[in-house]
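# Structural description and commentary
Listed below are the residues making up each chain.
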Amino acid sequence: MNKVVKNAKEAIKGMRNGQTFMLGGFGLCGIPENTIKALVESGLTNLTCISNNAGVDDFGLGLLLRKHQVKKMISSYVGENKEFERQLLSGELEVDLIPQGTLAERLRAGGAGIPAFYVPAGYGTEVGEGKESREFNGKMHLLEYGLTADFAVVKAWKGDTMGNLIYRETANNFNQAMAMAGKITIAEVEILVPAGELNPNEIHTPGIFVQRIFQGVNYEKRIEFETVRE
Amino acid sequence: MSLDKNGIAKRIAQELKDGYYVNLGIGIPTLVANFVPENIEVVLQSENGLLGIGPFPEKGKADPDLINAGKQTVTTIPGSAFFDSSLSFAMIRGGHIDLTVLGAFEVTDKGDISSWKIPGKMVKGMGGAMDLVAAAKNIIVATTHTDRHGKPKLKTSCDLPLTGVNCVKKIVSDLAVIDVTDKGFKLMERAPGVSVEEILEKTGAAVIVEGDIPEMKL
C-alpha cells in the first residue's frame, strides 16, 4: 500500500470550491505550510475552514484569508491576525468560535464515529445559546456534535509510505485529532520513509486515517513570539 | 500600596501545593511560574499539548516546535510529556488539573467571569478559557481591582459576554485576596498598606468583612 503523492498540488487534487477542510496547527506551530501554499495558488474559494487559529497576516492561514478564499472559519482563538479581525467585524467572514477543548473533542469524536457528546464548557454563556443542555452529577452540560470535513490537512514530523505519522513536541496539537476526521486526510511530513522504518511503538496516527502523504519542502517554521531567558 | 503584576503573581504562588498540576493563563498568571516556592514541586500544563513547562530557552536555542499556549517558545523539565489537543483537554475536563489561574475583565460575587470578548471591539475568541473554567477544581483569577478607567472589575453581574458561570473560587488583585463564597465576596487579605475601606470602595458588590483583615505576607 503506497499513499505517497508527489507534492502539495497533487495532494489537494479533487478539492472543490465550497468544500470544508481542516487545517492542523496551534498558532504557527505544526501547520501544513506546503499545502497552505498550494491552496493559495489553487484559487479555490468559498471554503469553510476548521482550524484552531487563523495564522498571522502574512503567514499560515492568513494567506488564504487575505485572498478572500475562506467564507467561514471554525476556530477557538483568532487573535494575532488583524485582517481576520477586520473581516469578522465587517461581516465579510462568517466565524464560529468554539471553546478549544470542545473543538478538539468534536474532531476526535467526528473521526471516532461519535455523533454527539456532552461537555460543561460554555454552559451559561453565548456558546450555549440554542444548544441542548442536560445535568450530569449536579452540573450542567451542553450537547456538542462530532465534526468531520471533506479534507483534513495535517503536518507531521515523520511519516511512512503507508501513512503512519509521528508528530514532534507541541507541533502535534490539533493534527492528531484532525487526521482522524477528514474524509480525505492529507499529511505533509518533514521526513518521509519507506514502510517499516518507523518504530510501530512510536506511531501517533496509524496510517488507516491517512489517504495521501507527501514529503514537504522548505519549511519556514516561523515563530510567533520568540521568548528567551533574560 | 497596591501590588504590581509580580506582587500579584507572588501572592498566587503561595496557593500552590506540592504535587499540583497547574494551568497558568496568559499575562499575570504566567508570572506565577517565577515564584514557585523552592521546597515544593508543581508541574505546569500547557493546553496546546505539554505537561512540564520549563523556563524560556536560552538565546539562540528557541525551538519552533516547542511553544506554550501563549505561542511563546519554551523548554521542558525532566519528566515532561507531549500529547495532542484532545488528550490535553481530557486532562482539563476530566478534573486532573489541580489549579487554574487566569485573567479576567470582570468577576462577579457568584463566581461568574467574563474574559474573552468585547462586542464590536475585540473578538479574539475564547481559546481554552471556557473549557478551563468549566472544569477546573480550583480557579483563581489574577487581576487588577479596577479597570483602566478606575471602574470596579469585581461586581454583581458581568456586562461583557461570559466565559463561565459560578466557577471562580478566589480573586487575587493588586489590592486584596477575596474568596468567592456561597454568600458572595469575602475579604481574606489586603495588600500591604491598603485599607479595608479602599478595597470596599473599589469593589462593585457587597464584601463580607469578618474581624481584622491581615495584610498579605509577600
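A few points on the structure. (Residues numbered from 1 in each chain as written. Chains lettered and ligands numbered in written order. Predicted model: local features only at pLDDT ≥ 70, side-chain atom pairs only at ≥ 80, totals over all residues. Heavy atoms only, no water.)

### Some details on the overall build of chain B
As a reminder of what qualifies: Here a strand is any run of E in DSSP of at least two residues, a helix any run of H or I of at least four, and the numbering for each starts at the N terminus. With C-alpha atoms as the basis for the radius of gyration, the globule rule is written as 2.2 Å multiplied by the number of residues raised to the power 0.38. Note on exposure labels: buried denotes an accessible area under 20% of the residue type's maximum, exposed denotes more than 50%, and partly exposed covers the range between, all computed with a 1.4 Å probe on protein chains only. Throughout, a contact is declared for two residues whenever any of their heavy atoms are within 4.5 Å. Note on areas: Shrake-Rupley with a 1.4 Å probe; residue coverage comes only from the protein chains shown. Counted charges follow a simple rule, with Lys and Arg positive, Asp and Glu negative, and His plus the chain ends left uncounted. Working definition for charges: the position is that of NZ of Lys, CZ of Arg, CG of Asp or CD of Glu.
What chain B contains, in helices and strands, is five helices and 15 strands. Taking 2.2 N^0.38 as the reference for a compact globule, 218 residues should give roughly 17 Å; the C-alpha atoms of chain B span a radius of gyration of 17 Å, in line with that estimate. The dimensions of chain B, computed from C-alpha atoms along their principal axes, are 50 × 40 × 30 Å. Looking at chain B as a whole, 58% of its 218 residues are labelled buried. Looking at chain B alone, contacts between residues at least 24 apart form 61% of all its contacts between residues at least 6 apart. Accessible surface computed for chain B: about 9400 Å², of which carbon and sulfur atoms make up 52%. Treating the 24 positive side-chain charges of chain B as one cloud and the 27 negative ones as another, the clouds have centres 4 Å apart.

### Description of the packing of aromatic side chains
The geometry of an aromatic ring pair is captured by the separation of the ring centres together with the interplanar angle, meaning the angle of the planes. What counts is decided by this rule: Any two rings among Phe, Tyr and Trp, with Trp reduced to its six-membered ring, count as a pair given centres within 6.5 Å; such a pair is stacked if its planes are under 30 degrees apart, edge-to-face if over 60, and tilted if neither. A ring is scored as having a charge over it whenever the NZ atom of a lysine or the CZ atom of an arginine sits within 6 Å of its centre and within 35 degrees of its normal.
Enumeration according to the criterion identifies one aromatic pair over all chains in this entry. The ring of A:Trp157 has A:Lys158 sitting right over it, with the charged end atom 4.3 Å from the ring centre.

### What about the pairing of strand β3 (residues 50-53) of chain B?
Residues and elements named next belong to chain B. Definition in use: Between any two strands, pairing holds if DSSP finds at least two bridges.
Relative to β3, strand β2 (residues 43-46) is paired through two bridges, and the arrangement is antiparallel. Each residue of the ladder has a partner; that of serine 46, found in β3, is leucine 50. Pairing of β3 with strand β4 (residues 76-82), which is carried by three bridges, proceeds in the antiparallel orientation. Within β4, the position partnered with leucine 50 by the bridge is phenylalanine 82.

### Here we look at the interface of chain A and chain B
Selection criterion: Reported buried area values correspond to the accessible surface (1.4 Å probe) lost by two parts on association, with both partners' losses combined. Salt bridges are identified by distance alone: a Lys or Arg side-chain nitrogen within 4 Å of an Asp or Glu carboxyl oxygen. The definition of a polar contact used here is a pair of N or O atoms within 3.5 Å, where within protein one atom must be able to donate a hydrogen and the other to accept one, and adjacent residues in sequence count solely through side-chain atom pairs.
Across the boundary between the two partners, chain A contributes 49 residues, which contact 49 residues of chain B. In this assembly, chain A packs against chain B so that about 4000 Å² is buried in total across both faces, 59% of it on carbon and sulfur atoms. Viewed at the interface, chain B and chain A are joined by five salt bridges. Applying the counting rule to chain A against chain B returns 23 residue pairs in polar contact (both at pLDDT 80 or more). Of all the elements in the fold, those that place two or more residues in the side of chain A that touches chain B are α4 (82-90), α5 (100-112) and α6 (175-181) of chain A.

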